[in-house]
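Read off the chains here:
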Amino acid sequence: MPKFSDRVERISISGIREVFEAAGDDAINLGIGQPDFPTPDHARQAAIDAIQSGKADAYTANKGIAPLREAIAEKHRRDQGIDLEPSNVIATAGGSEGLHIALEAHVGAGDEVIVPDPGFVSYDALTKLAGADPVPVPLRDDDTIDPEAIEAAITDDTAAFVVNSPGNPTGAVSSEADVRAFARIADEHDVLCLSDEVYEYTLFEGNHYSPAEFADGDSVVVVNSASKLFSMTGWRLGWVYGSAERVDRMLRVHQYAQACASAPAQYAAEAALRGDHDVVEEMTASFERRRDILLDGLADAGIECPAPSGAFYAMPRVPEGFVGACLDRGVIVVPGDAFGEHGRGTARISYATDESDLREAVSIMAEAYEAVR
Ligand code: PLP
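Residues numbered from 1 in each chain as written. Predicted model: local features only at pLDDT ≥ 70, side-chain atom pairs only at ≥ 80, totals over all residues. Heavy atoms only, no water.

1. Concerning the domain arrangement of the protein chain
Right, so step 1: When the domains of the protein chain are assigned, the result is domain 1 (6-39 + 278-372) and domain 2 (41-274).
Right, so step 2: A C-alpha centroid distance of 24 Å is found between domain 1 and domain 2.
Right, so step 3: Facing 36 residues of domain 1, the contacting portion of domain 2 comprises 40 residues.
Right, so step 4: Between domain 1 and domain 2 lies a buried interface of about 3100 Å² when both sides are counted; carbon and sulfur atoms form 57% of it.
Right, so step 5: The largest per-residue losses of area from domain 1 upon contact with domain 2 belong to Arg 10, Thr 39 and Ser 309, which jointly make up 23% of the total buried on that side.
Right, so step 6: For Asp 143, the salt bridge identified is with Arg 317, shortest N-O distance 3.2 Å.
Right, so step 7: Where domain 1 packs against domain 2, one counts 21 residue pairs in polar contact (both at pLDDT 80 or more). (Domains from an automatic or database assignment. Contact = heavy atoms within 4.5 Å. Buried area = accessible area lost by both parts, 1.4 Å probe. Salt bridge = Lys/Arg side-chain N within 4 Å of Asp/Glu carboxyl O. Polar contact = N/O pair within 3.5 Å; in protein donor to acceptor, adjacent residues only side chain to side chain.)

2. Quick word on the packing of aromatic side chains
The description of an aromatic ring pair uses the distance of the two centres, along with the angle that the planes make with each other.
Right, so step 1: One pass over the structure, following the stated rule, counts eight aromatic pairs.
Right, so step 2: Among the aromatic residues, ring-to-ring pairing joins Phe 37, Tyr 199, Phe 287, Phe 312 and Tyr 313 into one connected group. (Phe/Tyr/Trp six-rings, centres within 6.5 Å; stacked < 30°, edge-to-face > 60°.)

3. Observations regarding the packing of helix α13 (residues 278-301) against helix α15 (residues 355-372)
Two packed helices can be described by the angle between their axes and the distance between those axes.
Right, so step 1: Viewed as axis vectors pointing N to C, α13 and α15 meet at an angle of 20°, and their least axial separation amounts to 9 Å. In this view, α13 runs roughly parallel relative to α15, as classed from their interaxial angle. Crossing hand, α13 versus α15: right-handed. Contacts between α13 and α15 involve Arg 289, Arg 290, Ile 293, Leu 294, Gly 297, Leu 298 and Ala 301 on the former and, on the latter, Glu 355, Leu 358, Arg 359, Val 362, Met 365, Ala 366 and Tyr 369. (Axes fitted to C-alpha atoms, helices over the stretch in contact; angles between N-to-C directions. Helix = DSSP H or I, 4+ residues; strand = E, 2+ residues; numbered from the N terminus. Parallel < 35°, antiparallel > 145°, perpendicular 65-115°, else oblique. Left-handed = near helix turned anticlockwise from the far one by under 90°.)

4. Here we look at empty space enclosed by the protein
Right, so step 1: Under the definition given, this model contains three cavities of 30 Å³ or more.
Right, so step 2: Counted as a void, the largest cavity has a volume near 70 Å³.
Right, so step 3: The wall of the largest cavity is formed by 15 residues, among which Asp 143, Ile 145, Asn 164, Gly 167 and Thr 170 lie closest to the centre.
Right, so step 4: Its residues placed into classes, the lining of the largest cavity shows seven nonpolar, seven polar and one charged.
Right, so step 5: Considering only enclosed or pocket space, the second largest cavity measures out at about 50 Å³ in volume. (1 Å grid on protein atoms, 1.4 Å probe; cavity = no way out; pocket = protein on both sides within 12 Å on 5 of 7 lines; lining within 4 Å. Points joined across faces, edges and corners; volume = space filled by probe spheres on them. Nonpolar A, V, L, I, M, F, W, Y, C, P; charged D, E, K, R; others polar.)

5. Some details on the layout of surface pockets
Right, so step 1: The calculated volume of the largest pocket comes to roughly 1400 Å³.
Right, so step 2: Looking at the largest pocket, it is lined by 48 residues, and the ones nearest its centre are Ser 14, Ile 16, Phe 120, Val 121 and Ser 122.
Right, so step 3: At the level of elements, α2 (15-22), α5 (94-106), β3 (112-117), α6 (121-129), β4 (133-138) and α10 (226-229) are the ones that each hand at least two residues to the lining of the largest pocket.
Right, so step 4: Taken together, the residues of the lining of the largest pocket sort by class into 21 nonpolar, 15 polar and 12 charged.
Right, so step 5: Shared between two domains, the lining of the largest pocket takes at least three residues from each, and those domains are domain 1 (6-39 + 278-372) and domain 2 (41-274).

6. As for the side chain of Thr 158
Right, so step 1: With respect to the helices and strands, the residue Thr 158 is situated in strand β5 (residues 158-164).
Right, so step 2: From its side chain, Thr 158 meets the backbone nitrogen of Thr 155 in a polar contact 2.8 Å long.

7. Some details on the environment of Arg 291
Right, so step 1: Its place among the elements puts Arg 291 in helix α13.
Right, so step 2: Remark: the alpha-carbon pair of Arg 291 and Pro 308, spanning 17 residues in sequence, is separated by 7.9 Å.
Right, so step 3: With residues up to four places along the chain from it excluded, the contact list for Arg 291 reads Phe 204, Glu 205, Pro 308, Ser 309 and Tyr 351.
Right, so step 4: A distance of 2.7 Å separates a polar side-chain atom of Arg 291 from the backbone oxygen of Pro 308.

8. So, the packing of α5 against helix α11 (residues 244-257)
Right, so step 1: Direction vectors running N to C along α5 and α11 enclose 110°, while the axes themselves pass 8 Å from each other. One element, α5, and the other, α11, form an angle in the roughly perpendicular class. In this structure, α5 crosses over α11, and the sense of that crossing is right-handed. For the pair α5 and α11, the contacting residues are Glu 97, Ile 101, Ala 102, Glu 104, Ala 105 and His 106 in the first and Arg 246, Arg 249, Met 250, Val 253 and His 254 in the second.
Right, so step 2: Split by residue class, the contact of α5 with α11 holds five nonpolar, two polar and four charged.

9. A few points about the site of the ligand
Right, so step 1: As a matter of local geometry, the ligand sits amid 14 residues, with Gly 95, Ser 96, Asp 196, Tyr 199 and Ser 225 nearest to it.
Right, so step 2: A distance of 2.6 Å separates an oxygen atom of the ligand from a polar side-chain atom of Ser 96.
Right, so step 3: In this structure, an oxygen atom belonging to the ligand sits 2.7 Å away from a side-chain N or O atom of Ser 227.
Right, so step 4: Comparing atom positions with the cavity grids shows the ligand to sit within the largest pocket.
Right, so step 5: Going through the elements one at a time, α5 and α10 are the ones with two or more residues in the shell around the ligand.
Right, so step 6: When grouped by side-chain class, the residues that make up the shell around the ligand number four nonpolar, seven polar and three charged. (Near = heavy atom within 4 Å. Sits in = over half its atoms within 2 Å of the grid points.)

10. Some thoughts on α6
Right, so step 1: Among all positions of α6, only Ser 122, Tyr 123, Leu 126, Thr 127 and Lys 128 are buried.
Right, so step 2: In this structure, the buried residues of α6 make contact with α1 (6-9), α5, β3, β4, β5 and β6 (192-196). (Buried < 20%, exposed > 50% of the residue type's maximum accessible area, 1.4 Å probe, protein only.)

11. Some thoughts on the environment of Arg 78
Right, so step 1: Tracing the chain through its elements places Arg 78 in helix α4 (residues 66-80).
Right, so step 2: Spatially, the C-alpha atom of Arg 78 lies 24 Å from that of Val 162, the residues being 84 residues apart in sequence.
Right, so step 3: In contact with Arg 78, not counting residues within four places along its chain, are Tyr 201 and His 277.

Structure follows, in structure tokens:
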């Protein structure tokens, strides 16, 4: 039998899938990591126009169409004050491909990549696929990523560390001081800071900061995506940016693996970036309301949960058996250890679900908690 690569044998299908498969069809799903809003009309229309005019029929430039990369560069200039050239942006098949090409271009066999634990499942898997070893670093008690823990984990083999704010699975948001520390650590230790900012717009208090604002050198690569910013998960359109040299290396991977991001999606994302952001504001306000419903309900049930300040996730501390007890009662939540060893004893709740289902789910979770505590 033809063999499989050692690299692919080190990874498996995400634990999140297993929970979905175990649940009944009418379960309330608090497991899904995507906004429950329609894609803005102006984005849909731009894709329709591009398709109808024939503009989207052919390959685009490998990095993506110039107007999209200009819109991305303008966005980061406006939102973060980053002096970004469109030539330093690659449009990718979602943030997922951005993470993939960033890791492929920067880490290799025997290297170490420091990842938050619990953290988004792709960091661990894509590190292994690149032949490198993930080094999980626990979060602080408030679920934020601790720069000191990252610095302490750096060895001669460290090629990169991943930061993610607002964070999945925690909803935690890094402070400006922490983000400045991420930049300093990358500069001082000559390790890449890979900053995953795909939840940037879903922020309930404070501001979003990127290590790219503060790094002196060329030590930061940023991944972002239309998926969560504009409720466009199905379009598969993200981007990655960094210095010209880093983009050159990432483009080598992107060119052979992808050629270019989907052309209709590129036109749609350009329109989303340039169009009014009413949908973004509406989504954020709605997620904040739902966060409060969830936090109030968990507090009433006596379930301890750090208050998330962004994204649409929360990670309550739960007893053994809680996830199963929720599933038995028709509510899907994801066990925290699907996101890393240190996620044990927690569950990830995605509250991107409608308010009445969320209220019902909260009372079911309270019952489940009573049954297992
Ligand atoms: N980064 C984080 C933290 C995520 O949660 C996700 C999706 O859930 C992604 C990246 C990838 O998103 P996409 O490929 O849809 O842009």
